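Spelled out, the chains give:
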Amino acid sequence: MIKNITIEPLTRVEGHGKVTLQVDEHGNISSSRLHIVEFRGFEKFIQGRPYWEAPVLVQRLCGICPVSHHLAAAKATDEIVGAGVEHLPETALKMRQLMHYGQFFQSHALHFFHLSSPDFLFGVDAPVSKRNVLGVAAEFSDLARQGIMMRKFGQEIIEATAGKKIHGTGAIPGGINKNLSPEQRKAFLHGDPEFNASRMIEWAEGAIEVFLNYHRDNRNFVDGFASFPSNHMSMVNEDGGLDIYHGRLRAVNAEGEKILKDIDYRDYLQYIGEEVRAWSYMKFPYLKSLGKEKGWYRVGPLARLNCCDYIPTPRAQEAFEKFREYTNGKPNNMSMHMHWARLIETLFAAEMIERLLQDDALSGETLSYQGTKKFEGIGVIEAPRGTLIHHYRIGDDDLITMANLIVSTTHNNQPMNEAVFRAAQATFNGRTIVTEGMLNAVEVAVRAYDPCLSCATHALGQMPLMVEIQDADGNILDTRIRELE
Amino acid sequence: MKNSSHIKSKPVIATTSLAGCFGCHMSLLDIDERILQLAELVEFDKSPINDIKKISRPVDFGLIEGGCCNSENVEVLRHFRDNCKYLVSVGECAMMGGLPAMRNQLSIRECLEEAYLNSPSVQGCNEEGIIPSDDELPILLNKVYPCHEIVKIDYFIPGCPPRADLLWDVLTSLILGTSPKDQYSVFKYD
Ligand code: SF4
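Residues numbered from 1 in each chain as written. Chains lettered and ligands numbered in written order. Predicted model: local features only at pLDDT ≥ 70, side-chain atom pairs only at ≥ 80, totals over all residues. Heavy atoms only, no water.

S.K.: Where do I start with the overall build of chain A in this structure?
M.R.: Scanning chain A from terminus to terminus reveals 18 helices and 16 strands. The buried share of chain A, reckoned over its 485 residues, is 69%. Taken as a whole, chain A presents about 15800 Å² of accessible surface, with 47% of it coming from carbon and sulfur. (Helix = DSSP H or I, 4+ residues; strand = E, 2+ residues; numbered from the N terminus. Buried < 20%, exposed > 50% of the residue type's maximum accessible area, 1.4 Å probe, protein only. Areas by Shrake-Rupley, 256 points an atom, 1.4 Å probe, with all protein chains shown as cover.)

Quick look at the structure:
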């Protein structure tokens, strides 16, 4: 008999995502599906709005990394007003970069300290009641405090550059609407010694240590869990270095061969297509040259460190070299190493924040540029979770006629399905009863990808799950709900 | 819950995100260090994102982010109403529908066709013209509804998102039974 197992991150009832697993007659997992049950209709309802509203409207699709949407839309509208990246005033460019690195820093810190650190500090088998940020606070109060202060630092950088911590308005088509005074820069650089840029660099390095210690003691799990070969895609700068604000698109395969050779992202439609499947509102992007079956790729911290040749800040570069050495310079295909990569990027972001704050261009007076108007704009940025594409067309009346978005979590759609499949295969096979271990395995696999849906849902605690085993007629054979004590 | 029976008077808080962007939840995290203080004041194990199907004891304050755009949102909202003494609409989306309600002028079919058939990156990639539709996907409502059009709401906290200081002020007032300070500087409608 063929059975279906349904795993519902609790959020399913709240309308976010759920997993079904199909079990064949031998009790083996034959397929898995991660259903995204959200649909907003953004592509249509944004039509008819003036293009300059895009940077403030679109970010309201996701309050977890709104700066990414704000800036991707701003970059697209830069093209529409004829500024592009070429003409953007230096002050605007640096302010936006600072905003973006602030966002990386806070988002990655949130992910590590609030969501993942309980696993690393207590182990994945620890009681659920302990495995959240309050549990960490009870036993490792310094570390929990660090996490909270790191997020706060990033959020304050965002507030200083964008005007608000969430859904700011700093970036405008062709520029920025404010600069940063030398006093403000000084406060972030040399203010309260427990809350300045160099302290953040130190804490970011400490977080890498926490991961490496865990890795040393749990090598089999960290290296083997939900590991699978895949392609990887990210933006790199002109010299192949890591850049999250601007650059060209590169993809490598599992062996490290370049399969997308530093293309101009404005040509993305030539290279990337999206498949639609009936069982999910989220589309499935792939590289057209490799086709739907083989063309899917991962994005995010792991993919970025697999694609780039170097990191342009000294301490992160040192950490990057160790990361690369571990796989002999080949791409790293281990899902759990996403955490390692994310922390190296956290360090990179902290170093970049310090470097940018020292730059007098942040206090410059020329804030925007206007050139010859165009009727189409494409903006691409690396969001904390991976490559983010915004594409708009407008009419003579300046109103939007077409909007297309490919967000990070969408690029990772197939990889997350793949990771869930591997995790399920390893834990579920041959069983008919759902165990706590199964819930954990799926949760940890999805969490490694930091999709907005899961990141958000356990921002303050555990990802509660419900697993159902169903027979072919939909009769429920077994149910288990993750208990929170 | 067994571990809390000795602290009878701690209010229980539950939160949920319906058709929202999670920005309101993130704004709650922006109370920073005070999150530890909040954990002292309230029971958090019925935590934000706990399985609502399991609300098994009375909740004092239910915080709702987002309006209702599909059948599940409505179910969850009703479930919260049934189990919470006070229900609070947090943010523009819960209060007025917010950005998702921009689709209210359009038919849902137009929106689906634009995303899955007309999008430039789908051209040549969706030969069968698939529009997602599956038993596992909830039914989309014809329009996006603010929460108070579905159930009674007791309090409203405006903002997109409400500022962290405002959330802190209102929450602690509700918990301690005092009146909010009504700080003009953090009370905003955007
Ligand atoms: S009110 Fe604003 S911040 Fe809150 S969910 Fe809606 S869009 Fe997001």
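S.K.: Would you mind going over the overall build of chain B with me for this structure?
M.R.: When its secondary structure is counted, chain B shows 6 helices and 6 strands. From first element to last, N terminus to C terminus, chain B shows the α and β order β-α-α-β-β-α-β-α-α-β-β-α. Restricting the contact set of chain B to residue pairs at least 6 apart, pairs at least 24 apart contribute 77%. As presented, chain B carries roughly 8000 Å² of accessible surface, and 53% of it is formed by carbon and sulfur atoms. (Contact = heavy atoms within 4.5 Å.)

S.K.: Even after reading the chapter, I still don't get empty space enclosed by the protein, so can you show me in this structure?
M.R.: In this approach the atoms are scanned with a rolling probe the size of a water molecule, which exposes any empty space left behind. Tallying each qualifying case throughout the model produces 13 cavities of 30 Å³ or more. Taken as a whole, the largest cavity spans an internal volume of roughly 790 Å³. If you trace the largest cavity, you find 34 residues lining it, with Glu38, Leu61, Met282, Val407 and Thr410 of chain A closest to the centre. Contributions of two or more residues to the lining of the largest cavity are made by helix H1 (42–45), helix H3 (66–80), strand S14 (400–406), helix H15 (408–411) and helix H18 (452–457) of chain A together with helix H5 (108–118) of chain B. Ranked by residues supplied to the lining of the largest cavity, first place goes to H15 of chain A with 3 residues. Looking at side-chain class alone, the lining of the largest cavity contains 20 nonpolar, 8 polar and 6 charged residues. (1 Å grid on protein atoms, 1.4 Å probe; cavity = no way out; pocket = protein on both sides within 12 Å on 5 of 7 lines; lining within 4 Å. Points joined across faces, edges and corners; volume = space filled by probe spheres on them. Nonpolar A, V, L, I, M, F, W, Y, C, P; charged D, E, K, R; others polar.)

S.K.: Whenever I open this one, the site of the ligand confuses me. Can you help?
M.R.: Lining the immediate surroundings of the ligand are 13 residues, of which Cys21, Cys24, Glu92, Cys93 and Cys160 of chain B lie closest. Around the ligand the close residues trace back to chains A and B. Only helix H1 (23–29) and helix H4 (91–96) of chain B provide two or more residues apiece to the shell around the ligand. Among the elements that line the shell around the ligand, the one with the most residues is H4 of chain B, at 3 residues. By residue class, the composition of the shell around the ligand is 5 nonpolar, 5 polar and 3 charged. (Near = heavy atom within 4 Å.)

S.K.: How should the pairing of strand S2 (residues 59–65) of chain B be read in this particular structure?
M.R.: The side chains of a regular strand alternate between both faces of the sheet. All names here are of chain B. Buried residues dominate S2, accounting for 6 of its 7 residues. As paired elements, strand S1 (residues 13–17) and S2 share 5 bridges and run parallel to each other. If you follow Thr16 over to S2, its bridge partner there is Ile64. Relative to strand S4 (residues 84–90), S2 runs parallel, the two sharing 6 bridges. Across the sheet, the residue bridging to Glu65 is Val90, located in S4. (Pairing = 2+ DSSP bridges.)

S.K.: Hey, could you run me through the sheet that holds S2 of chain B in this one?
M.R.: One key point about sheets: their strands pair by backbone hydrogen bonds, in either a parallel or an antiparallel sense. Residue and element names in this part refer to chain B. What the 4 strands build is an open sheet, ordered S1-S2-S4-S6; its pairing is parallel. Since the sheet does not close on itself, it has two edges, and those belong to S1 and strand S6 (155–157), each with one partner. Shown here is a sheet whose adjacent strand axes are inclined to one another by a mean of 25°, direction ignored. Sheet strands touched by helix H6 (residues 164–176): S1, S2, S4 and S6. Its angle to S6, the strand with the most contacts, is close to 160°. (Axes fitted to C-alpha atoms, helices over the stretch in contact; angles between N-to-C directions.)

S.K.: When you look at the environment of Ser133 of chain B in this model, what are you seeing that I'm missing?
M.R.: Relative to the helices and strands, Ser133 of chain B resides in the loop between H5 and strand S5 (140–145). When the C-alpha atoms of Ser133 of chain B and Val76 of chain B are compared, they prove to be 21 Å apart, with 57 residues separating the residues in sequence.

S.K.: Sorry if this is basic, but what is going on with helix H8 (residues 197–217) of chain A here?
M.R.: Counting along an α-helix, one turn takes 3.6 residues, and residues three or four places apart therefore face a common direction. The terminal C-alpha atoms of H8 of chain A, which comprises 21 residues, lie 31 Å apart, in line with the 30 Å expected from a rise of 1.5 Å per residue. Taken together, the buried positions of H8 of chain A are occupied by Ala197, Arg199, Met200, Ile201, Trp203, Ala204, Ala207, Ile208, Val210, Phe211, Tyr214 and His215 of chain A. (Expected span 1.5 Å × (residues − 1).)

S.K.: Honestly, the packing of aromatic side chains in this entry has me stumped. Any pointers?
M.R.: Any two aromatic rings considered together are summarised by their centre-to-centre distance and by the angle between their planes. Scanning the model with the defined rule gives 18 aromatic pairs over all chains in all. On the basis of an interplanar angle of 85° and a centroid distance of 5.4 Å, the ring pair of Tyr101 of chain A and Phe348 of chain A is categorised as edge-to-face. One end of the pair, Tyr101 of chain A, is in helix H4 (residues 90–122); the other, Phe348 of chain A, is in helix H14 (residues 337–357), and 247 residues separate them in sequence. Seen in terms of ring centroids, Phe187 of chain B and Tyr189 of chain B are 5.8 Å apart; in terms of plane orientation they differ by 75°. Their pairing is edge-to-face. Assessed through its relative accessible area of 53%, Tyr189 of chain B is described here as exposed. A network of ring pairs unites the aromatic residues Phe105, Phe153, Phe188 and Phe195 of chain A as a single cluster. (Phe/Tyr/Trp six-rings, centres within 6.5 Å; stacked < 30°, edge-to-face > 60°.)

S.K.: When you look at the packing of helix H2 (residues 34–41) of chain B against H6 of chain B in this model, what are you seeing that I'm missing?
M.R.: Each pair of packed helices gets described by two things: the angle between the helix axes and the distance between those axes. All names here are of chain B. At a closest axis distance of 12 Å, the pairing of H2 and H6 adopts a crossing angle of 15°. By the criterion of interaxial angle, the relationship of H2 to H6 is roughly parallel. Helix-helix and strand crossings are classified by hand; for H2 and H6 the assignment is left-handed. The segment H2 lies against H6, with Arg34, Gln37, Leu38 and Leu41 engaging Asp165, Trp168, Thr172, Ile175 and Leu176. The residue inventory of the contact of H2 with H6, partitioned by class, reads 5 nonpolar, 2 polar and 2 charged. (Parallel < 35°, antiparallel > 145°, perpendicular 65-115°, else oblique. Left-handed = near helix turned anticlockwise from the far one by under 90°.)

S.K.: What's the story with the side chain of Asn333 of chain A in this structure? I'm lost.
M.R.: All names here are of chain A. Checked against the element boundaries, Asn333 lands in the loop between helix H13 (314–326) and H14. The exposure class assigned to Asn333 is buried, which follows from its relative accessible area of 13%. Apart from the residues lying within four places of it in its own chain, the contact partners of Asn333 are Ser227, Phe228, Pro229, Ser230, His232, Ala254 and Arg298.

S.K.: For this particular structure, what's the right way to read the pattern of salt bridges?
M.R.: Oppositely charged side chains can form a pair if their charged atoms are brought close together. For the structure shown, the criterion picks out 31 salt bridges over all chains. Arg199 of chain A serves as the salt-bridge partner of Glu202 of chain A, at 3.1 Å between the closest nitrogen and oxygen. One end of the pair, Glu202 of chain A, and the other, Arg199 of chain A, are both in helix H8, 3 residues apart, so they sit about a helical turn from each other. Note that Lys152 of chain B is salt-bridged to Asp154 of chain B, the shortest N-O span being 2.6 Å. In this structure, a network of salt bridges that share partners links the residues Glu79, Asp264 and Arg266 of chain A. (Salt bridge = Lys/Arg side-chain N within 4 Å of Asp/Glu carboxyl O.)

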